[in-house]
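Close look at the chain arrangement
Residues per chain, in single letters:
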Amino acid sequence: MNKILKYVILDIVRNKIVLSYIAFLFIITFGVFNLEDNQSKGLLSTLNLVLFIVPLVSIIFSTVYIYNSSEFIELLLSQPLKRKTIWLSLFYGLSISLIIAFVIGTGIPILIFFPDFTGIMMIIVGVFLSLIFVSISLLAAVYTRDKAKGIGIAILLWLYFALVFDGIILFLTFQLADYPIEKLIMAISSLNPIDLSRIAVLLRLDDSALMGYTGAVFKEFLGSVTGIVISATILILWFLVPLYFSLRKFKNKDL
Amino acid sequence: MKPIIIRLIFFSILFSKSFTVFSKTIYAGKNQKIKSINQAISIATAYDSIIITEGKYFEKNIIINKPLVLIGKNFPLLDGEKKYEIVSIKSNEVIFTGFKLQNSGKATMTDPAAIKVYNSKKVIISGNIILNSYFGIYIQYGIDCKIKDNKIIAHGTDEQQIGNAIHCWKSDSLIISGNYTKGHRDGIYFEFVTNSVIWRNISKKNVRYGLHFMFSHNDSYISNVFENNGAGVAVMFTNNVKMYNNFFIYNWGDAAYGILLKEISDSYIVGNHFSSNTVGIYLEGVSRSVIEKNIFEKNGWALKIQASCMEANINFNNFIGNTFDVGTNGTLVMNNFNSNYWDKYEGYDLNRNGIGDVPYRPISLFSMIIEKNQPALILFRSIMVTLLDKSEKLIPSLTPENLKDEKPLTRKINL
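Each chain carries its own residue numbering, running from 1 in the direction its sequence is written. For naming, the first written chain is A and the first written ligand is 1, with later ones following in the order written. Note on the predicted model: pLDDT of at least 70 is required for a residue's local features to be given, and 80 or more for side-chain atom pairs to be given and counted; whole-chain, interface and lining totals, by contrast, use all residues.

This brings us to the overall build of chain B. In terms of regular secondary structure, chain B is built from 4 helices and 39 strands. Burial analysis of chain B (415 residues in total) assigns 44% to the buried set. Note that contacts rest on C-beta atoms placed from the backbone: two residues are in contact if these are within 7 Å. A separation of at least 24 residues holds for 46% of the contacts in chain B among residues at least 6 apart in sequence. Put simply, DSSP marks the helices as runs of H or I at least four residues long and the strands as runs of E at least two long, and each gets a number from the N terminus on. Each residue is classified by how many other C-beta atoms fall within 10 Å of its C-beta atom, where C-beta atoms are placed from the backbone; a count of 20 or more means buried, 12 or fewer means exposed, and values in between mean partly exposed.

Structure representation (structure tokens):
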């Protein structure tokens with residue numbers, strides 16, 4: 001497994017996309033922190049970047065990578081290796097390289113400008129988002145044989161999590177405006193890793209005071225130990241479950 | 001001519017001398033013949049001066065019931081032992097200056113204060129230090145009184161457990177100037193106080209409001225600093241208030257406002273500085289008022305204007321770095337925005353006269369949405385909201401049509 005993992009990581013680093021991803025993240029994060037005179041504002045802009053770019057790059061890069069290495073996978077399968085080992089190595093390879101890229105590109109500037117728990121939380125959130133979207137992309141790739149369709153599905157999934165889901169929530173808040181729906185909305189939002197990450201970080205910033213009563217309800221939940229445990233569990237489930245299903249499919253897949 | 005002037009000067013000297021002949025100065029203190037302040041007051045006649053020297057005095061309640069001048073030398077300490085009202089002024093023309101007072105009693109029925117003025121005129125309370133008291137300085141039915149340069153500090157944590165630093169009730173023509181208040185319930189409290197001035201005070205870290213202002217017509221407050229108070233400043237049910245050149249800083253929290261205005265009319269808010277407040281100014285039921293030449297900086301909302309406001313003229317202000325510039329709760333707009341500088345303005349100025357050619361709409365779609373629908377705040381700072389706001393800016397459909405600045409300035413106003 002270590003050997004395959006090493007090959008995968010080397011291969012990813014060699015194709016330079018990840019290197020330019022690091023450079024891109026680093027320049028933008030540094031730029032944002034330098035542009036904003038208020039550090040907290042800088043962190044907010046970085047948050048938007050993390051919530052927007054990290055899932056997008058993770059999901060598309062991984063999907064394309066899986067399709068492109070289909071021959072490599074076939075070659076590996078001809079060797080006496082377990083399918084599980086191969087698939088997990090791919091997952092680890094992709095996620096480790098993307099996480100390292102994120103930690104170098106965004107983590108270092110954050111730690112320079114914001115070296116406290118909120119900054120560390122941002123980094124943790126980014127790491128989780130990378131993991132989750134790599135795992136979702138594996139699921140998308142394993143279920144569709146056609147490359148174009150697979151990438152299309154990956155993009156649609158990203159759109160769903162980044163935009164459509166929020167639209168649905170907005171719709172729900174208007175439909176159920178007459179009821180005390182804060183807790184319900186909180187529960188629904190936590191079904192989306194991007195929303196959950198955004199709220200968790202936002203509540204740690206000064207701006208949370210703008211969220212008034214709603215913010216207070218969320219703060220009470222996310223500030224408590226149960227809240228933290230539940231949201232961490234949800235984030236972990238978000239990459240374990242797609243990974244499990246993709247693995248199950250890959251094991252029985254007729255390549 | 002000359003002899004007349006000389007004669008006048010001569011007579012005026014003679015005249016003023018004659019006063020000092022009739023009034024005397026009494027010394028009281030630990031090393032003096034008269035040991036207690038109460039004793040000094042009882043032997044004094046009207047218009048005498050009492051000078052109290054350094055020391056600690058436990059005199060229970062000191063009642064000043066004749067016109068006297070009380071001067072503390074090197075801040076003699078008057079202690080209320082957490083049981084008594086320390087000084088009660090029940091006479092006109094009392095001057096009380098240079099004392100240190102601490103630990104006034106606490107009672108919700110009688111509201112004891114460190115210094116309380118009852119139905120009196122022309123009282124001057126200046127240069128005192130008041131520590132850990134229930135109420136600091138309390139004026140009821142006072143006319144023409146001055147509260148100057150006092151330092152009033154407590155460490156209140158709960159609204160119910162502590163009184164106000166400077167509390168004025170049913171009074172007229174007061175001057176409150178140069179005081180420093182900290183850690184009380186309200187820094188300065190005005191109820192039914194008219195024709196008064198609040199000038200150059202600093203009100204910090206009070207549990208509730210920095211300044212609390214109700215039914216107090218024709219007052220002005222000028223050049224004060226209200227910083228980091230639990231709920232900022234509230235001005236309610238008042239006509240003709242003038243608020244000039246004040247600083248409202250860091251009143252940050254779920255229910256904190258730079259100023260909360262409720263049922264205000266014919267008032268002026270000019271030249272103030274609102275910085276880092278959750279809401280800079282919250283206006284409800286405000287009519288015929290002018291908000292001009294203020295700086296709104298780094299607030300959550302610079303202005304929250306409820307639809308119940310009428311003829312509020314908001315002109316020549318600088319809006320810089322606020323999360324939301326303006327929020328409102330309805331589509332009816334009867335207020336005017338003109339010639340303000342908005343840092344979020346994205347229009348152009350073809351003839352370079354400093355006035356943007358496209359009107360600016362300070363209300364974002366999302367601030368409309370959350371005003372109607374609080375739980376939607378869960379989408380705060382999400383990507384979809386940013387997109388919605390952008391598209392609404394291009395083609396306004398849901399935000400109030402009339403709420404716009406027709407002549408937005410392209411450069412910051414020098415204020």
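The side chains of a regular strand alternate, residue by residue, between the two faces of the sheet. Residues and elements named next belong to chain B. Side chains Leu70 and Gly72 project from strand S5 (residues 69–72) onto a buried face, and the interleaved Val69 and Ile71 project onto a face without burial. Across 4 bridges, strand S2 (residues 49–52) lies against S5 in parallel orientation. Considered in S5, the bridge of isoleucine 52 is made with glycine 72. Pairing between two strands is assigned when DSSP locates at least 2 bridges connecting them. Examined bridge by bridge, S5 and strand S8 (residues 95–97) share 3 bridges and lie parallel to one another.

Bringing helix H8 (residues 182–189) of chain A into the picture now. Residue and element names in this part refer to chain A. Among the residues making up H8, those that are buried are Glu182, Ile185, Met186 and Ser189. Looking straight down H8, one finds that the buried residues subtend no more than 105 degrees of arc, so they occupy a single side. Those residues of H8 that are exposed and aimed more than 90 degrees away from the buried face are Lys183 and Ala187. The arc in question is formed by the directions pointing from the helix axis toward the C-beta atoms.

Now for the nonpolar core. For the purposes of this analysis, a nonpolar core is taken to be any set of buried Ala, Val, Leu, Ile, Met, Phe, Trp, Tyr and Cys residues that are connected through C-beta atoms within 7 Å. With 173 residues, the main nonpolar core has Val87, Ile115 and Ile137 of chain B as its most contacted residues. Here this core takes 14 residues from helix H6 (residues 117–143) of chain A, the largest share from any one element. The residues contacting isoleucine 115 of chain B, other than those within four sequence positions of it, are Ile86, Val87, Ile89, Phe96, Leu101, Ile125 and Ile137 of chain B.

On to the interface of chain A and chain B. Facing 31 residues of chain A, the contacting portion of chain B comprises 19 residues. Of all the secondary-structure elements, those providing two or more residues to the side of chain A that touches chain B are helix H3 (39–68), helix H7 (147–175), H8, helix H9 (193–202) and helix H10 (212–223) of chain A. No other element matches the 8 residues that H7 of chain A contributes to the side of chain A that touches chain B. Class assignment of the residues belonging to the side of chain A that touches chain B gives a composition of 18 nonpolar, 8 polar and 5 charged. Amino acids outside the nonpolar list (Ala, Val, Leu, Ile, Met, Phe, Trp, Tyr, Cys, Pro) and the charged list (Asp, Glu, Lys, Arg) are all regarded as polar, and Gly is one of them.

Here the focus is the environment of isoleucine 291 of chain B. All names here are of chain B. Among the structural elements, isoleucine 291 can be located in strand S32 (residues 287–292). Residue isoleucine 291 is classed as buried on the basis of its 28 C-beta neighbours within 10 Å. Separated by 22 residues in the primary sequence, isoleucine 291 and isoleucine 269 place their C-alpha atoms 4.8 Å from one another. Excluding residues that lie within four positions of it along the chain, isoleucine 291 makes contacts with Ile269, Ala312, Asn313, Ile314 and Asn317.

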